[in-house]
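# Coordinate inspection notes
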Amino acid sequence: MTSHVTTHVLDTALGRPATGVAVTLSLVDERVVEIMAVGTTDDDGRLTDLGPEHLAAGTYRLTFDTGAYFARDDRPAYFPFVEVTFVLDSSEHHHVPLLLSPFAYSTYRGS
């Protein structure tokens, strides 16, 4: 099963996938946050089984525990968590990649 929302985390400082990054998918409804699913990136930095196959339209957030990821290798991290909030307005698949380094990150709507 592939989830409605998937992610792929790449450690750009090391030039390889970021394995073992804890990720939380939450529904953000005004000021209330409801956790929908939790997971961890695989050996390829991917997480494809994060939550259900179909989600209702709304505002969602992916929270990446980057502090714990960098701490495993005793690397400093300026951003202990990365939160990416996005609007899901269709039934099509949403892929949210994260390009990560200890002092910067970038994301985009993937395919």
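The rules behind these values
Residues numbered from 1 in each chain as written. Predicted model: local features only at pLDDT ≥ 70, side-chain atom pairs only at ≥ 80, totals over all residues. Heavy atoms only, no water. Pairing = 2+ DSSP bridges. Helix = DSSP H or I, 4+ residues; strand = E, 2+ residues; numbered from the N terminus. Axes fitted to C-alpha atoms, helices over the stretch in contact; angles between N-to-C directions. Buried < 20%, exposed > 50% of the residue type's maximum accessible area, 1.4 Å probe, protein only. Polar contact = N/O pair within 3.5 Å; in protein donor to acceptor, adjacent residues only side chain to side chain. Contact = heavy atoms within 4.5 Å. Core = buried A, V, L, I, M, F, W, Y, C linked by side-chain atoms within 4.5 Å. Salt bridge = Lys/Arg side-chain N within 4 Å of Asp/Glu carboxyl O.

Taken together, four strands build an open sheet; the order of strands is S4-S3-S6-S7 and the sheet is antiparallel. Strands with a single pairing partner mark the edges of an open sheet, and in this sheet they are strand S4 (32–40) and strand S7 (82–88). Averaged over neighbouring strand pairs, the angle between their axes works out to 25° when direction is ignored. Of the pairings in the sheet, the one linking strand S6 (residues 58–64) to S7 comprises seven bridges and is antiparallel in character. What sits directly across from Phe64, in S7, is Val82.

A few words on the side chain of Thr7. Its location among the elements puts Thr7 in strand S1 (residues 5–11). Residue class for Thr7 comes out buried when judged on its relative accessible area of 1%. A distance of 2.5 Å separates a polar atom in the side chain of Thr7 from the backbone oxygen of Val96. Setting aside residues no more than four positions away along its own chain, Thr7 makes contact with Gly45, Arg46, Leu47, Leu62, Phe64, His95, Val96, Pro97 and Leu98.

Quick look at the nonpolar core now. With 23 residues, the main nonpolar core has Leu25, Leu62, Phe64 and Phe86 as its most contacted residues. Mapped by element, the contributors of at least two residues to this core are S1, strand S3 (22–29), S6, helix H1 (66–71), S7 and strand S9 (98–101). Top element by residues in this core is S7. It accounts for four residues.

Below, the discussion takes up the environment of His54. Tracing the backbone shows His54 in the loop between strand S5 (46–47) and S6. Separated by 37 residues in sequence, His54 and Ser91 have C-alpha atoms that sit 6.7 Å apart.

We now examine the pairing of S3. Here eight bridges tie S3 to S4, and the two strands are oriented antiparallel to one another. Considered in S4, the bridge of Ser26 is made with Ile35. Joining the antiparallel neighbours S3 and S4 is a turn of two residues, in which Glu30 adopts a positive phi near 55°.

This part is about the pattern of salt bridges. Applying the stated criterion across every chain, the model contains three salt bridges. Asp44 is paired through a salt bridge with Arg46; the nearest N and O atoms lie 2.8 Å apart. Taking the relative accessible area as the measure of exposure, Asp44 reaches 36% and is therefore partly exposed.

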